Amino acid sequence: MRRKIVAGNWKMNNTFQEADELINEIMDGLEEANQKSVNVVLCPPFTFLEMTTDYAQESDYAVGAQNVSCHDAGAYTGEVAAKMLESMGVEYCIIGHSERRKYFHETDKELTQKAELLLKNNILPIFCCGEILPEREAAKQFDVVKQQLTDAVFNLDPLDFAKIIIAYEPVWAIGTGVTATPMQAQEMHAYIRSLIAEKYGKEIAKNTSILYGGSCNAENAKELFANPDVDGGLIGGASLKAKDFLKIIDSF
Ligand code: PGA
């Protein structure tokens, strides 16, 4: 089902105490706002998942992980399995983030495996895609995004694909303060939806939530979210400040 989603990707930030404080500020804000139309997701590092899922029982947000192993279980030192996440109450997981593709060489094949394992364990993947600056400058952004979808999540069967969330994150906009214009975001989101319609049919395309990510903040969220194919945001830097994050949630 197509939903409005605002997800905070904390990346590798915050100590235990800072995480505790941030969650509490967000919980207070959510309680005050008492909004029901936006699904709020907090994606802290693994170490704070337990605290975040504990607090979630008293609040109106869901919890996401930032990564998951492409293996089911076993001798994979340092890895975290989908079924471990599920057993802690995690409901979403980011996969294919450009930082993981770049620094940790996450491959498309692994991304398909991760998506399948997550879905098998009732966790919704948030699949990230997006072009780098030279690709946009060469007007290749549509080809790049199509390839990323085709090589990873378009391998899923329709029932599985129908559950995933897509995040379009132009890499040149991530953490740079340069955001895509509302028109650039809408154009790409509409294109992604058309690719989904081609592959899985109009109904699934209509129901897929497509989030925008990349320097989305309290100032520009409203304009971005006003577009018909932008169903919310994957927020990095601005999700680390409760006031900004709450304002973004309030931007719909
Ligand atoms: P940013 O990051 O909002 O700091 O640009 C977004 C992301 O990487 O998901």
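What counts and how
- Residues numbered from 1 in each chain as written.
- Predicted model: local features only at pLDDT ≥ 70, side-chain atom pairs only at ≥ 80, totals over all residues.
- Heavy atoms only, no water.
- Patch = residues over 30% accessible without salt bridge, like charges linked within 9 Å, V, L, I, M, F, W, Y side chains within 5 Å.
- Areas by Shrake-Rupley, 256 points an atom, 1.4 Å probe, with all protein chains shown as cover.
- Salt bridge = Lys/Arg side-chain N within 4 Å of Asp/Glu carboxyl O.
- Lys, Arg positive; Asp, Glu negative; His and termini not counted.
- Charge placed at Lys NZ, Arg CZ, Asp CG, Glu CD.
- Buried < 20%, exposed > 50% of the residue type's maximum accessible area, 1.4 Å probe, protein only.
- Helix = DSSP H or I, 4+ residues; strand = E, 2+ residues; numbered from the N terminus.
- Pairing = 2+ DSSP bridges.
- Right-handed = clockwise from strand over helix to strand, strands pointing away.
- Polar contact = N/O pair within 3.5 Å; in protein donor to acceptor, adjacent residues only side chain to side chain.
- Contact = heavy atoms within 4.5 Å.
- Expected span 1.5 Å × (residues − 1).

Caption draft 1: Quick peek at a negative patch on the surface. A cluster of acidic residues, Glu18, Glu21, Glu25, Asp28, Glu31 and Glu32, forms a negative patch at the surface. Note on Glu25: relative accessible area 40%, which makes it partly exposed.

Caption draft 2: Representation of the pairing of strand 1 (residues 4-9) within the structure. Across the six residues that make up strand 1, a large majority, five, are buried. As judged from the six bridges shared by strand 1 and strand 2 (residues 38-43), these two strands associate in the parallel manner. Across the sheet, residue Asn9 finds its bridge partner in strand 2, namely Cys43. For the crossover that starts at strand 1, traverses helix 1 (residues 16-33) and ends in the parallel strand 2, the hand is right-handed. The pairing of strand 1 with strand 8 (residues 232-235) spans four bridges and is parallel. What sits directly across from Ile5, in strand 8, is Gly232.

Caption draft 3: A look at the side chain of Arg136. Inspection of the secondary structure puts Arg136 in helix 6 (residues 133-137). Side-chain polar atoms of Arg136 contact the side chain of Glu131, separated by 2.8 Å. What Arg136 contacts, discounting residues up to four positions off in sequence, is Glu131, Gln141, Tyr168, Trp172 and Gln184.

Caption draft 4: Region of the structure containing helix 9 (residues 182-200). Between its first and last C-alpha, helix 9 extends 26 Å over 19 residues, near the 27 Å set by a 1.5 Å rise per residue. Ala185, Gln186, Met188, His189, Ile192, Arg193, Leu195, Ile196 and Tyr200 are the residues of helix 9 that are buried. Remark: Gly201 follows helix 9 within two positions and exhibits a positive phi of approximately 100°.

Caption draft 5: The arrangement of the pattern of salt bridges in detail. Here the structure, examined in full by the defined rule, presents twelve salt bridges. One salt bridge connects Asp229 with Arg193, and the closest N-O pair in it is separated by 2.5 Å. On the criterion of sequence distance, the pair formed by Asp229 in the loop between helix 11 (221-225) and strand 8 and Arg193 in helix 9 is long-range, its members being 36 residues apart. Under the relative-accessibility criterion, Asp229 is labelled buried at 13%. Its salt-bridge partner being Asp231, residue Arg193 comes within 2.9 Å of it at the nearest N-O pair. Taken as a pair, Arg193 in helix 9 and Asp231 in the loop between helix 11 and strand 8 lie far apart in primary sequence, 38 residues in all. As far as burial versus exposure is concerned, Arg193 and Asp231 are alike and both buried.

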